[in-house]
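Breakdown of the fold
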Amino acid sequence: MPLYINFPSWIHPEIFPGIPFLSLFRWYGLMYVFAFGTAFFVFKKQMAEGALDTKNYKANMDDVFSFFTFSILMLLIGARVFSCLIYDTSGLYWKKPWLIFWPFDENWNFTGLAGMSYHGGFVGGLLGMIIWCLWHKKPVLKWIDVMGVSIPLGYTFGRLGNFLNGELFGRVTTMPWGMVFPNARRFSVSIPWVREIVEKIGMPLADGQTLVNLPRHPSQLYEAFFEGIVLFLILWFVRKKKPFDGFILGLYPIGYGVFRFFIEYFREPDAELGYRIAAVQDAPTYLNLSWGNISTGQILCLLMIAAGIGILIALSIRQQILKKRSQIKH
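Residues numbered from 1 in each chain as written. Predicted model: local features only at pLDDT ≥ 70, side-chain atom pairs only at ≥ 80, totals over all residues. Heavy atoms only, no water.

A word on the side chain of serine 83
- With respect to the helices and strands, serine 83 occurs in helix H2 (residues 61–87).
- Look past the residues within four positions of serine 83 in its chain and what remains in contact with it is Asp88, Gly115, Met116 and Ser117. (Helix = DSSP H or I, 4+ residues; strand = E, 2+ residues; numbered from the N terminus. Contact = heavy atoms within 4.5 Å.)

Some words on the environment of tyrosine 87
- Looking at the secondary structure, you find tyrosine 87 in helix H2.
- For the pair tyrosine 87 and tyrosine 57, spaced 30 residues apart in sequence, the C-alpha separation works out to 43 Å.
- Setting aside anything within four residues of it in sequence, one finds tyrosine 87 in contact with Phe82, Ser117, His119, Asp270, Leu273, Thr296, Gly297 and Leu300.

Side note on the environment of phenylalanine 244
- In this structure, phenylalanine 244 sits in the loop between helix H7 (219–238) and helix H8 (247–263).
- For the pair phenylalanine 244 and glutamine 46, spaced 198 residues apart in the sequence, the C-alpha separation amounts to 16 Å.
- Setting aside residues up to four positions removed in sequence, phenylalanine 244 forms contacts with Asp145, Leu312, Leu315, Ser316 and Gln319.

Here's the deal with the packing of aromatic side chains
- This model, assessed by the stated rule, comprises 31 aromatic pairs.
- Taken together, a centroid distance of 5.7 Å and an interplanar angle of 50° make the contact between phenylalanine 34 and phenylalanine 157 tilted. Of the two residues, phenylalanine 34 sits in helix H1 (residues 27–48) while phenylalanine 157 sits in helix H5 (residues 140–164), which places them 123 residues apart along the sequence.
- Of the residues examined, phenylalanine 157 reaches a relative accessible area of 25% and is grouped as partly exposed.
- For the ring pair phenylalanine 40 and phenylalanine 65, a centre distance of 5.1 Å and an interplane angle of 25° mean the geometry is stacked. (Phe/Tyr/Trp six-rings, centres within 6.5 Å; stacked < 30°, edge-to-face > 60°. Buried < 20%, exposed > 50% of the residue type's maximum accessible area, 1.4 Å probe, protein only.)

Brief notes about the state of the cysteines
- Evaluated as defined, the whole model comprises zero disulfides.
- In this model cysteine 301 remains outside any disulfide bridge; the closest cysteine sulfur is found in cysteine 84, 20 Å from its own.
- Under the relative-accessibility criterion, cysteine 301 is labelled buried at 0%. (Disulfide = S-S within 2.5 Å.)

Considerations on the packing of helix H4 (residues 118–135) against H8
- Following both chains from N to C, one finds H4 and H8 inclined at 175°, their axes separated by 13 Å at the closest point. Considered as vectors, H4 and H8 are oriented roughly antiparallel to each other. Contact residues: Tyr118, His119, Phe122 and Leu126 in H4; Leu249, Tyr252, Pro253, Tyr256 and Arg260 in H8.
- A class-by-class count of the residues in the contact of H4 with H8 yields seven nonpolar, one polar and one charged. (Axes fitted to C-alpha atoms, helices over the stretch in contact; angles between N-to-C directions. Parallel < 35°, antiparallel > 145°, perpendicular 65-115°, else oblique. Nonpolar A, V, L, I, M, F, W, Y, C, P; charged D, E, K, R; others polar.)

Describing the nonpolar core
- Counting residues in each nonpolar core, the largest one holds 40 residues, and the members touching the most others are Phe43, Phe67, Phe68 and Trp143.
- For this core, the element with the highest residue contribution is H8, accounting for eight residues.
- With residues up to four places along the chain from it excluded, the contact list for phenylalanine 67 reads Phe43, Met129, Trp132, Cys133, Trp143 and Met147. (Core = buried A, V, L, I, M, F, W, Y, C linked by side-chain atoms within 4.5 Å.)

Regarding unusual backbone geometry
- At leucine 168, a position not held by glycine, the phi torsion is positive, near 55°.
- Examined against the element boundaries, leucine 168 turns out to sit in the loop between H5 and strand E2 (179–180).
- For aspartate 282, which is not glycine, the phi dihedral falls at a positive 55°.

What to know about H7
- Look at H7: 27 Å from first C-alpha to last across 20 residues, which is about the 28 Å you get at 1.5 Å a residue.
- At leucine 231, H7 shows its strongest bend, of approximately 30°.
- Residues of H7 that are buried include every one of Ser219, Gln220, Tyr222, Glu223, Ala224, Glu227, Gly228, Leu231, Phe232, Leu235 and Val238, and no others.
- Its buried side turned inward, H7 meets H1, H5 and H8. (Expected span 1.5 Å × (residues − 1). Bend = angle between axes of the 7 residues up to and from the residue.)

Below is the structure:
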């Protein structure tokens, strides 16, 4: 019995494959709709609990729609800019930055805005929330905390979209849940370690076959579960027990950063970028040869964790100062 799973043949990036015009509608885009819709639902649930209310203000739907619209716009801008300027190694977007938001190729074929960076979206969305709150004179930390609880469950759909696209898959594995993704790199069966894996997982080879597609970690599903569902449950439980406003703002990047940092060991980094820190020189990205090989994504996760810890320390000190001032007045 083969110890791997083939990517379902009935799954296509397009919702209506092979149908003119309708083939433009893709699962990935639909997952974004589900993601934002889910985040909005969780946000509204917290609003109904009074999470945004103050002594002189009760949150209303007009403010929520405005807050979401501006934050999502900034999120998409940040995600796209980060992807083009940080993850693209061709240098094209640095030379021609107007192409960042240009959805056509040189032959005027519609390509959409392919390529989004989570970390860029995080920065852009956070800036958007801060700007909106300051502009509308709303309590920044309170609103961001509510959004922080709302994001992970919506994020789950984003990673499911990556899975349906058959992209951002993991490294080669012999685990029985390893999945053969159609667009993954093929390896020569003449390579010893490739032959060893083929034999271990019981993968049949046709006569004369020279290349083989090996199973990969379904890292998109790992991320959907841990960075989405598990992180959401943690933040949902903490939301009513937080010691001060802004606690979720600090806890979210720590939680996401920790989960993503370790999942990156199973997810294949961009081959063009390789490893930013390499304990094993010239190590291929499709194999995990050392825990000391650190990717770009992991470095960004470490920065998120450090920022989250810094936020919690700063806000904790602020809380103590405010508490002492309150005691002095009384």
